[in-house]
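Breakdown of the fold
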Amino acid sequence: MSQFIHILPVITVLIAAVALMFMSMYTDKFSVKTYIGVSSIVLVAALIFVFIPFGESFSIKPYNSVFNNVLIFDTFSNFFYVLLIGGTLLTLLIGEHYFQHRDYFKGEFFSILLFALFGMMILANANELITAYIALEIASFSVYIMVGYNSEDSRRVEAIFKYLVLGSFIGAFYLLGVVLVYGATQTTNLTEISNFISTTNLSDAPLLYIGLTLILFTFLFKISAFPFQQWVLDVYRGAPMIITAFMASTFKIAIFSFFLRAMLQDLQAIVNFWDSIIYVVIVLTLVFGTWLAVSQKLVKRMLAASSIVHTGYLLLGFIAIGQNMDAAYSVVFYLIAYLLSALGSFGLVSHIISETKVRVTYDDFKGLAHERPFLAAMMTVFMFSLAGIPSTIGFMGKFYVFTEAIHAGYIALAILAIIATFVSVYYYFKLIAMMYFYPTKGECVSNDFNDKRVSTYAIAFLAIITVVGGIGSAIVFFIPVLNIDTLINLTQVSIQSLFIK
Amino acid sequence: MSADILSFIIFLPAIVGFGLMITTKHVETVRNIAFLTTTVILALVLKIYIDFEPSSGMQFVTNVPWIGSYGINYYIGVDGFSLTILMMIAILIPTAYLLLWEGRTKGYWINMLLVQTGVTGALLSLDVILFYFFWEVMLLPVFLMIGIYGFGEKVFTTIKVTVYTMLGSLLMFVAILYLGVSYFNEFGQWSFQYDSLTQITTLSYNEKIWLFLAFLSAFAIKIPIFPLHTWIMETYKNAPTGAVFLLSSIMAKLGVYAIVRFMIPIFPDIYVEFSTWFVFIGLFGLIYFGVAALMQDDIKRMFAYSSASHLSFIAAGIFSLNEFGINGALYLIIAHAIATGALFLLVGIIHDETGFKTIKDLGGLAKQSPIFTTIFAIMLFANVGLPGTNGFVSELLIIFGIYEFNHTLGYISALTVIIGASYMLWMFQRAILVKRTSGEDLKFRDLKIKEILGLTPWIILVFLMGIYPEIFIDKFEPTVTHYLNDILQIGATK
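Residues numbered from 1 in each chain as written. Chains lettered and ligands numbered in written order. Predicted model: local features only at pLDDT ≥ 70, side-chain atom pairs only at ≥ 80, totals over all residues. Heavy atoms only, no water.

- Named according to an unreviewed UniProt entry, chain B is NADH-quinone oxidoreductase subunit M originating from Halarcobacter ebronensis.
- Recorded under Sequence similarities (unreviewed entry), the UniProt text for chain B is reproduced unchanged: "Belongs to the complex I subunit 4 family." (UniProt positions renumbered as here; feature names shortened; annotations may be inferred.)

**Here we look at the overall build of chain A**
- Along its length, chain A carries 20 helices and two strands.
- The C-alpha radius of gyration of chain A comes to 22 Å, within 12% of the 23 Å expected for a compact globule of 501 residues.
- For chain A, the spread of C-alpha atoms along the three principal axes comes to 70 × 55 × 50 Å.
- Per-residue burial for chain A yields a buried fraction of 66% across its 501 residues.
- A separation threshold of at least 6 residues defines the contact pool for chain A, and within that pool the share at least 24 residues apart is 82%.
- As presented, chain A carries roughly 16,700 Å² of accessible surface, and 67% of it is formed by carbon and sulfur atoms.
- A gap of 8 Å separates the mean positions of the 25 positive and 26 negative side-chain charges of chain A. (Helix = DSSP H or I, 4+ residues; strand = E, 2+ residues; numbered from the N terminus. Rg over C-alpha atoms; globule rule 2.2 N^0.38 Å. Buried < 20%, exposed > 50% of the residue type's maximum accessible area, 1.4 Å probe, protein only. Contact = heavy atoms within 4.5 Å. Areas by Shrake-Rupley, 256 points an atom, 1.4 Å probe, with all protein chains shown as cover. Lys, Arg positive; Asp, Glu negative; His and termini not counted. Charge placed at Lys NZ, Arg CZ, Asp CG, Glu CD.)

**Concerning the environment of Thr218(A)**
Residues and elements named next belong to chain A.
- As for its placement among the helices and strands, Thr 218 is situated in helix H9 (residues 206-222).
- Remark: the alpha-carbon pair of Thr 218 and Ala 17, spanning 201 residues in sequence, is separated by 27 Å.
- In this view, Thr 218 contacts Leu 136, Ile 170 and Tyr 174; residues no more than four positions away in its chain are not counted.

**Overview of the environment of Leu386(A)**
All names here are of chain A.
- Inspection of the secondary structure assignment puts Leu 386 in helix H16 (residues 373-387).
- Taking relative accessible area as the criterion, Leu 386 reaches 3% and is therefore assigned buried.
- Sequence separation between Leu 386 and Ala 342 is 44 residues, and the spatial gap between their C-alpha atoms is 7.6 Å.
- Sequence-distant contacts of Leu 386, defined by excluding residues within four places in its chain, comprise Leu 303, His 310, Tyr 338, Ser 341, Ala 342, Ser 345, Lys 398 and Tyr 428.

**Considerations on the side chain of Ser39(A)**
All names here are of chain A.
- Note that Ser 39 resides in helix H2 (residues 32-51).
- Looking at Ser 39, its side chain comes within polar contact range of the main-chain oxygen of Tyr 35, at 2.4 Å.
- In contact with Ser 39, other than residues within four places in its own chain, are Leu 20, Leu 92 and Phe 110. (Polar contact = N/O pair within 3.5 Å; in protein donor to acceptor, adjacent residues only side chain to side chain.)

**What to know about the packing of aromatic side chains**
- Per the stated rule, a full pass over the model turns up 73 aromatic pairs over all chains.
- Seen from their ring centres, Phe395(A) and Phe173(B) are 5.4 Å apart, and the 40° between their planes marks the pair as tilted. A residue pair is termed interchain when its members come from two chains, as with Phe395(A) in helix H17 (residues 393-407) and Phe173(B) in helix H6 (residues 154-187). The residues Phe395(A) and Phe173(B) share a single accessibility class, namely buried.
- Connected via pairs of aromatic rings, a cluster forms that spans Phe131(B), Trp135(B), Tyr194(B), Phe212(B), Phe215(B), Phe219(B), Phe262(B), Phe267(B), Tyr271(B), Phe278(B) and Phe319(B).
- The ring of Tyr362(A) carries Lys430(A) above its face, with NZ or CZ at 4.4 Å from the centroid.
- The aromatic ring of Tyr194(B) is capped on one face by Arg261(B), whose charged end is 5.7 Å from the ring centroid. (Phe/Tyr/Trp six-rings, centres within 6.5 Å; stacked < 30°, edge-to-face > 60°. Lys NZ or Arg CZ within 6 Å of the ring centre and 35° of its normal.)

**Quick word on the interface of chain B and chain A**
- Facing the 39 residues of chain B at the interface are 37 residues of chain A.
- Buried surface at the junction of chain B and chain A, both sides included, amounts to about 3,500 Å², of which 86% is carbon and sulfur.
- Interface area lost by chain B to chain A is led by Trp66(B), Tyr70(B) and Phe133(B), which between them contribute 17%.
- Linking chain B to chain A there are zero salt bridges.
- Linking chain B with chain A are two residue pairs in polar contact (both at pLDDT 80 or more).
- Where the side of chain B that touches chain A is concerned, the elements lending two or more residues are helix H1 (5-23), strand E1 (59-67), strand E2 (72-78), helix H5 (128-149) and H6 of chain B.
- The element that contributes the greatest number of residues to the side of chain B that touches chain A is H6(B), accounting for 15 residues. (Buried area = accessible area lost by both parts, 1.4 Å probe. Salt bridge = Lys/Arg side-chain N within 4 Å of Asp/Glu carboxyl O.)

**Points about empty space enclosed by the protein**
All names here are of chain A.
- One pass over the full model with this rule turns up ten cavities of 30 Å³ or more.
- By volume, the largest cavity is sized at about 130 Å³.
- Among the secondary structure elements, those contributing two or more residues to the lining of the largest cavity are H9 and helix H11 (241-266).
- Counting residues per element, the lining of the largest cavity draws most heavily on H11, which supplies four residues.
- A per-class count over the lining of the largest cavity returns eleven nonpolar, no polar and no charged.
- Roughly 100 Å³ of volume is contained in the second largest cavity. (1 Å grid on protein atoms, 1.4 Å probe; cavity = no way out; pocket = protein on both sides within 12 Å on 5 of 7 lines; lining within 4 Å. Points joined across faces, edges and corners; volume = space filled by probe spheres on them. Nonpolar A, V, L, I, M, F, W, Y, C, P; charged D, E, K, R; others polar.)

**Notes on unusual backbone geometry**
- Looking along the chain, the bond that leaves Phe226(A) and enters Pro227(A) is cis, with omega of 0°.
- Tracing the backbone through its elements, the reader meets Pro227(A) in the loop between H9 and helix H10 (230-238).
- The linkage connecting Ile223(B) with the following residue, Pro224(B), adopts the cis geometry, with an omega of -10°.
- With respect to the helices and strands, the residue Pro224(B) is situated in the loop between helix H8 (205-222) and helix H9 (231-238).
- Even without being a glycine, Gln186(A) presents a positive backbone phi close to 60°.

**What to know about the pattern of salt bridges**
Residues and elements named next belong to chain A.
- Tallied over the entire structure, the rule returns eight salt bridges over all chains.
- Two residues, Asp 74 and Arg 261, come together in a salt bridge whose shortest N-O distance is 3.1 Å. Remark: Arg 261 occurs in helix H11 and Asp 74 occurs in strand E2 (residues 73-74); sequence separation between them is 187 residues. Taken as a pair, Asp 74 and Arg 261 share a single burial class, namely buried.
- For Arg 301, the salt bridge goes to Asp 234, with nearest N and O atoms at 4.0 Å. Highlighted residues: Arg 301 in helix H13 (residues 299-320) and Asp 234 in helix H10, separated in sequence by 67 residues. The burial state of Arg 301 is the same as that of Asp 234; both residues are buried.
- Connected through salt bridges with shared partners, the residues Glu 158, Lys 162, Asp 234 and Arg 301 form a single ionic network.

In structure tokens:
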């Protein structure tokens with residue numbers, strides 16, 4: 001029975017996804033609102049199931065006879081469940097208005113969204129390369145479909161095509177990598193690969209290195225690091241706004257969940273082999289991402305481009321892991337920080353455009369603070385957080401990552417990252433300047449806009465968490481929960497569960 | 001409770017500010033409550049000032065874990081140094097409210113409140129991360145104030161200010177992280193408290209120089225020290241009066257304060273080694289900005305340069321390595337805050353009333369507004385260091401300090417006082433005393449009773465500090481002696 005508790009969240013999401021699929025056959029019977037409601041309730045239920053074993057440190061491989069050790073359930077995966085389910089739930093809530101005002105969102109969309117979540121959750125559990133591939137593809141294909149959902153925008157064809165072709169292409173690389181790893185180790189199970197690494201003279205196993213490098217490329221592609229960042233702008237641009245939010249935050253976290261597990265749990269001994277590659281990748285990711293972000297006129301594209309820069313920061317924590325295990329916590333913490341701020345900012349833009357048809361350039365934001373002060377204030381919070389201004393969780397994330405990077409000896413990289421941060425102040429603050437310092441233009445204001453909606457509350461919730469996560473409640477109020485320390489401890493407990501043998 | 005009084009002082013304005021933001025729309029209510037808040041703070045600071053016993057150590061310390069896993073603490077306290085500046089901030093801000101009283105919006109007042117939290121927090125923080133946190137927080141409201149309420153090319157100005165200060169801050173941030181990691185490597189645990197960081201012994205000479213410069217970049221931009229001053233021209237010209245007042249009177253002083261608080265204890269040897277350079281740069285800035293001020297026609301810009309010139313003088317005093325210089329610099333921080341703050345606010349009134357910003361548009365104000373002229377003159381004389389005013393005491397002390405540091409530089413610094421006197425008096429003559437050359441007479445009101453009341457404590461301070469400096473110097477002297485004897489180990493000259 002106790003084993004069942006652990007797989008319950010995944011089962012819930014899967015059943016719900018299938019059920020929604022059947023529901024969507026009767027499109028005219030259910031409104032979009034119903035779908036959102038059902039999905040949200042299911043996600044909340046799944047979240048509750050996640051919290052049952054939450055907090056304790058455990059690591060089990062349930063139902064050995066059925067799963068043959070390909071799935072592993074531990075505090076680490078549980079922690080990522082919270083982020084993934086939470087991210088999806090917030091995507092739904094923030095998009096509530098957007099979904100209702102775009103005719104092309106039909107019932108099956110929500111089924112696909114839950115399938116994507118299912119894939120991502122399995123990815124967090126995967127202890128075997130092929131399982132991870134399947135999970136990754138379940139998630140990816142769901143995302144491909146969602147990217148192409150915007151039937152009113154001609155750019156969707158380019159977006160979906162680019163993403164699909166490149167994604168499949170890189171998927172083939174992954175499979176080739178798995179084949180090579182299998183050739184070297186006679187297994188695709190990560191635990192056994194780990195055993196192989198610890199027992200064999202690795203200079204005899206070049207295939208293992210080549211295979212794993214190919215797998216690394218997939219990772220870099222999915223998180224849009226240089227040189228695989230080409231697809232990001234067009235795909236994010238063509239996708240419906242809310243899906244962009246989902247991809248930038250939640251999907252990225254899922255990718256990290258698997259690769260962090262592999263790196264820390266099984267490949268720790270040979271991780272340093274890739275240092276020089278990742279070093280170059282970080283430098284170029286930061287430089288290119290920054291350059292792209294500075295040159296954008298559309299807010300959506302700027303956010304997309306800046307997500308590349310954030311990938312650079314994440315990789316900075318990632319490379320530090322080789323020298324210093326503590327850096328893993330910083331990566332996870334940064335993921336949380338980025339999830340909150342990215343969902344918030346993308347979500348807010350989608351909230352604004354849900355009833356209007358503007359392209360959302362910087363200019364469209366002019367004077368928003370006078371028309372809708374609360375939305376502007378929340379946007380400001382998210383921009384601060386993305387730019388890493390103190391008092392927001394984004395600052396804590398950066399502080400954490402940079403400290404660990406310096407601790408690991410990557411001082412030059414840390415300075416480069418700080419310079420990138422400095423430049424990022426320009427493109428994030430530009431938006432704030434637009435909102436506050438200019439008279440209203442009125443493009444983003446619609447008449448029947450009332451701000452008492454689910455999406456507003458969801459965004460406000462994110463904004464509050466973003467601030468509380470930054471200053472913590474240690475100051476003034478001394479509330480023990482909701483503390484940054486608690487959050488840091490949670491990341492530590494979750495990562496330590498990877499090492500339970 | 002007595003220990004938490006500092007936290008209360010720090011956070012009260014922010015809490016009130018956020019409360020006002022969501023509750024009321026009435027500008028008058030917001031302003032009155034905000035003003036009341038600042039007077040409450042003034043009362044509390046007075047209580048601290050009286051309770052404070054002159055000694056070298058920190059008092060009213062609160063130290064609780066904030067982010068425990070990284071050894072970041074909510075660590076605040078006050079010593080003679082910060083106490084003096086705390087007092088200054090607490091007095092200046094409410095009076096500034098009185099002078100800015102009419103015609104502002106709700107956001108203006110809320111931003112003023114938020115700045116006060118940031119400034120006081122930065123002043124009292126003894127943990128560098130906490131300090132960095134407040135350091136950035138105090139910038140953001142000013143950024144909004146300039147952007148929303150500024151004049152001319154305000155957006156460009158805002159971006160320029162932000163870019164400059166952020167650049168400095170981020171360099172400092174790297175240095176802070178580097179120090180933290182060094183501490184961790186040496187002692188096996190994290191800590192960002194300034195007194196922990198002073199114990200680091202593993203840094204090489206080169207590392208120290210880089211870190212020193214990184215810290216200095218943040219503070220020198222804020223002060224501003226030549227050649228990192230280029231942001232002040234547009235800012236002081238285009239920013240609203242309140243923001244100019246805050247930047248010049250208060251935030252610039254925090255730059256100086258931070259040098260003393262963090263850089264001297266953490267890098268004493270580098271500080272001593274490079275002090276000659278900085279005294280030199282300070283004096284150069286003093287002359288350079290002084291000459292630039294002479295040539296200005298825009299009255300706000302003239303004050304901007306004048307302010308920069310005096311701040312360079314303060315910087316020179318800080319680096320003069322003896323008690324005269326440091327005491328004098330600290331004294332000038334206060335004196336300059338009062339004089340420049342008052343002058344900026346008075347010029348703000350001129351600008352609000354007449355719309356003129358250049359000296360040649362003005363003239364003959366003395367006739368229509370005798371009280372205004374009198375107060376303006378007092379502040380002006382304090383600024384140029386007329387005997388009997390606080391400016392005189394501080395400039396004298398600094399000149400003594402620099403003389404003791406190096407005789408030649410001492411003579412030079414003594415002579416530079418003339419520059420300050422000439423641009424100030426020349427401006428006073430053209431803008432206030434002499435009749436206007438073109439057009440009909442200016443319509444200009446005299447100060448209202450509220451404004452006079454607001455300025456009275458400043459005038460009292462100007463003379464009290466000028467005539468009887470001991471009561472103030474006694475409070476911070478032990479701290480300065482501690483810095484020289486224990487940290488720099490060069491012995492205080494008594």
